[in-house]
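Listed here are the chains, written in short residue letters.
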Amino acid sequence: MSHPIMIAAARRLTAAEERRKAAREDAFRTWGPRCVAAASEYARILLGDSAITLDWKIVELFSYKEHLEAFAPLGTVGGQHLELHYTDRHGAEEISLRVSCVSCPSQHVHEVTSLEQLGRLLSQAPAWQDIDPRGGGDA
């Protein structure tokens, strides 16, 4: 017959493992919504009220415990695919503009710090001729 301390230790270990498993499952289940919510909130702070129109999506699940990631496609304009990318690694939030060529492997990533700065980044992209409101682009 096993000593009572052995049974108590086994029960304690089993209970602790079940709590860790439940916590991992909860973190996995809520990771996507947390990413989208964090990206939406930070984008609104950084880019203003017009950011509420962004359709944030989760990035592939890498390590849901360590950081949050999401992206918002802005569309394909002038042969370039544009998207905003949000990341939060241990409280350091950042939004970047990713500009990639539709027909080639080229990609450029620039940190976005404000709505005006996002406009400056867009003005440097070849897609600008299709976006520029002064030149008849979408205003």
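For the structure itself, consult the block above.
Each value, and the rule that gives it
Residues numbered from 1 in each chain as written. Predicted model: local features only at pLDDT ≥ 70, side-chain atom pairs only at ≥ 80, totals over all residues. Heavy atoms only, no water. Pairing = 2+ DSSP bridges. Helix = DSSP H or I, 4+ residues; strand = E, 2+ residues; numbered from the N terminus. Contact = heavy atoms within 4.5 Å. Axes fitted to C-alpha atoms, helices over the stretch in contact; angles between N-to-C directions. Disulfide = S-S within 2.5 Å. Buried < 20%, exposed > 50% of the residue type's maximum accessible area, 1.4 Å probe, protein only. Polar contact = N/O pair within 3.5 Å; in protein donor to acceptor, adjacent residues only side chain to side chain. Phe/Tyr/Trp six-rings, centres within 6.5 Å; stacked < 30°, edge-to-face > 60°. Patch = residues over 30% accessible without salt bridge, like charges linked within 9 Å, V, L, I, M, F, W, Y side chains within 5 Å. Areas by Shrake-Rupley, 256 points an atom, 1.4 Å probe, with all protein chains shown as cover. Salt bridge = Lys/Arg side-chain N within 4 Å of Asp/Glu carboxyl O. Lys, Arg positive; Asp, Glu negative; His and termini not counted. Charge placed at Lys NZ, Arg CZ, Asp CG, Glu CD. Core = buried A, V, L, I, M, F, W, Y, C linked by side-chain atoms within 4.5 Å.

Quick look at the sheet that holds strand β5 (residues 107-112)
Okay, so step 1: Across the sheet, 5 strands lie side by side as β1-β2-β3-β4-β5; this open sheet has antiparallel pairing. Strand pairing shows two members of the sheet lacking a second neighbour, β1 (57-58) and β5, which therefore form its edges.
Okay, so step 2: Pairing of strand β3 (residues 80-89) with strand β4 (residues 92-101), which is carried by 10 bridges, proceeds in the antiparallel orientation. Across the sheet, residue H81 finds its bridge partner in β4, namely S100.
Okay, so step 3: Along the sheet, helix α2 (residues 115-123) makes contact with β3, β4 and β5, crossing β5 at roughly 160 degrees.

Comments concerning the state of the cysteines
Okay, so step 1: Per the counting criterion, the structure on display carries 1 disulfide.
Okay, so step 2: Linked covalently through their sulfurs, C101 and C104 form a disulfide whose S-S length is 2.4 Å. Its torsion about the S-S bond being 130 degrees, the disulfide of C101 and C104 is classed as right-handed.
Okay, so step 3: Judged by relative accessible area, which is 32%, C104 ranks as partly exposed.

Some words on the side chain of S96
Okay, so step 1: With respect to the secondary-structure elements, S96 resides in strand β4.
Okay, so step 2: Relative accessible area serves as the criterion here: at 7%, S96 is assigned to the buried category.
Okay, so step 3: Looking at S96, its side chain comes within polar contact range of the side chain of E94, at 3.2 Å.

Regarding the packing of aromatic side chains
Okay, so step 1: Taken as a whole and judged by the stated rule, the model has 1 aromatic pair.
Okay, so step 2: Taking the centre distance of 6.0 Å and the plane angle of 50 degrees together, the rings of Y42 and Y86 count as tilted. Of this pair, Y42 sits in helix α1 (residues 4-47) while Y86 is found in strand β3, placing the two residues 44 residues apart along the sequence.
Okay, so step 3: According to the relative accessible area criterion, Y42 is buried, its value standing at 18%.

Concerning a positive patch on the surface
Okay, so step 1: Positive charge collects at one region of the surface, where R12, R19, R20, K21 and R24 lie side by side.
Okay, so step 2: Inspection of the secondary structure assignment puts R12 in helix α1.
Okay, so step 3: Classification of R12 as exposed rests on a relative accessible area of 62%.

A few points about the nonpolar core
Okay, so step 1: The biggest cluster of nonpolar side chains holds 27 residues, and the ones touching the most others in it are L54, W56, L84, Y86, I95, L97 and V112.
Okay, so step 2: At the level of elements, α1, β2 (67-77), β3, β4 and α2 are the ones that each hand at least two residues to this core.
Okay, so step 3: It is α1 that contributes the most residues to this core, 8 residues altogether.
Okay, so step 4: With residues near it in sequence (within four places) discarded, L97 still touches L74, E83, L84, H108, V109, H110, V112, L118, L121 and L122.

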